[in-house]
Amino acid sequence: AHPRTLPVLKRHFDAVALANNHSGDYGREAFTEMLGLLRQAGIGQFGGGLNLSEAHTPLIIERKGLRIALLSYNEYMPRSFEADFDAAGIAWSEDEQVVDDIRKARTVHRADIVIPVMHWGWENELVANARQRQLAHVMLDAGADAVIGGHPHVTQDIEVYRGKPIIYSVGNFVM
């Protein structure tokens, strides 16, 4: 969207998840510009950054004495806009990296609550697929407190695994 939309976005949202299959539509230069504009507008972001480390760093939000870590990952192809050690881009959901990020959110960033936000699943599928279920379980086993997903353009099923919620797809907010 045009930068003039940032004040409207700021009125309604504290942060945005960047890991998705459209973040790279206009290239790394535009993505880098967007990161700067979000910072200037005071809108938090997670799941993307100027490099691989930033893309995998959680956004920490403090509410009522709790430190909440938000992480975001893309699982939907193409994989061409993944951040690299020296290139801006988004966080990709490599299982080992996701587990490490969740554990670091607890130990390094001292989070009380860790929530990965996933961009995954097949469009218009009303039920989560085997990969979504497998990765959600891996994330909860690693210490996440909930998993929230989107991308299929429709709502998908909800599961409670080991007492923790998995919302496989919240559907679309705006389409």
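Use the structure listed above.
This text gives an overview of the structure that appears in the document. (Residues numbered from 1 in each chain as written. Predicted model: local features only at pLDDT ≥ 70, side-chain atom pairs only at ≥ 80, totals over all residues. Heavy atoms only, no water.)

1. Some remarks on the environment of I43
As for its position among the elements, I43 is in the loop between helix 2 (27-41) and strand 2 (44-46). Sequence spacing of I43 and R11 is 32 residues, and the spatial spacing of their C-alpha atoms is 9.7 Å. With near-sequence residues (within four places) excluded, I43 lies in contact with L6, L9, K10, D14, A15, V16 and L38. (Helix = DSSP H or I, 4+ residues; strand = E, 2+ residues; numbered from the N terminus. Contact = heavy atoms within 4.5 Å.)

2. Looking at the sheet that holds strand 4 (residues 59-63)
Note on sheets: strands pair through backbone hydrogen bonds, and any given pair is parallel or antiparallel. Read across the sheet, six strands follow the order 4-5-7-8-10-9 without closing on themselves; strand pairing throughout is mixed. Only two strands of the sheet have a single partner each, and these edge strands are strand 4 and strand 9 (158-161). Neighbour to neighbour, the strand axes of the sheet diverge by 20° on average, direction disregarded. Of the strand pairs in this sheet, strand 5 (residues 66-74) and strand 7 (residues 113-119) are connected by seven bridges, and their pairing is parallel. By the bridge assignment, L71 is partnered in strand 7 with P116. With respect to the sheet, helix 5 (residues 130-142) is in contact with strand 7, strand 8 (147-150), strand 9 and strand 10 (164-167), its orientation differing from that of strand 9 by roughly 40°. (Pairing = 2+ DSSP bridges. Axes fitted to C-alpha atoms, helices over the stretch in contact; angles between N-to-C directions.)

3. What to know about unusual backbone geometry
Excluding glycine, residues mostly have negative phi values, and the peptide bonds linking residues are mostly trans. In this model, K64 sits at a positive phi of 50°, which is unusual for a non-glycine residue. Here K64 lies in the loop between strand 4 and strand 5. Take K64: its relative accessible area is 88%, and that puts it in the exposed class. Look at H153: it is not a glycine, yet its phi comes out positive at around 70°. Mapping H153 onto the fold places it in the loop between strand 8 and strand 9. By relative accessible area, which is 30% here, H153 ends up partly exposed. (Buried < 20%, exposed > 50% of the residue type's maximum accessible area, 1.4 Å probe, protein only.)

4. Re the side chain of S23
Looking at where S23 falls in the secondary structure, it is placed in the loop between strand 1 (15-17) and helix 2. From its side chain, S23 meets the backbone oxygen of L18 in a polar contact 2.4 Å long. Contacts of S23, omitting those with residues within four sequence positions, involve L18, F31, F81 and I90. (Polar contact = N/O pair within 3.5 Å; in protein donor to acceptor, adjacent residues only side chain to side chain.)

5. Considerations on the layout of surface pockets
If you add up the space inside the largest pocket, you get close to 1900 Å³. Around the largest pocket, the lining is made up of 46 residues, and of these L9, V16, A17, L18 and N20 lie nearest the centre. Among the secondary structure elements, those contributing two or more residues to the lining of the largest pocket are helix 1 (6-12), strand 1, helix 2, strand 5, strand 7 and strand 8. At seven residues, the largest contribution of residues to the lining of the largest pocket is made by helix 2. (1 Å grid on protein atoms, 1.4 Å probe; cavity = no way out; pocket = protein on both sides within 12 Å on 5 of 7 lines; lining within 4 Å. Points joined across faces, edges and corners; volume = space filled by probe spheres on them.)

6. Digging into the nonpolar core
In terms of nonpolar packing, the biggest core is built from 25 residues, with I102, V114, M118, W120, M139, V147 and I166 touching the most fellow members. Secondary structure elements with two or more residues in this core: strand 5, helix 4 (95-107), strand 7 and helix 5. Looking at which element gives the most residues to this core, the answer is helix 5, with five residues. When sequence neighbours within four positions are dropped, the list of residues in contact with M118 reads Y73, E75, S93, L135, M139, V147, I148, G149 and G150. Counting eleven residues, the second largest nonpolar core, distinct from the first, contains L6, L18, L38 and I43. (Core = buried A, V, L, I, M, F, W, Y, C linked by side-chain atoms within 4.5 Å.)

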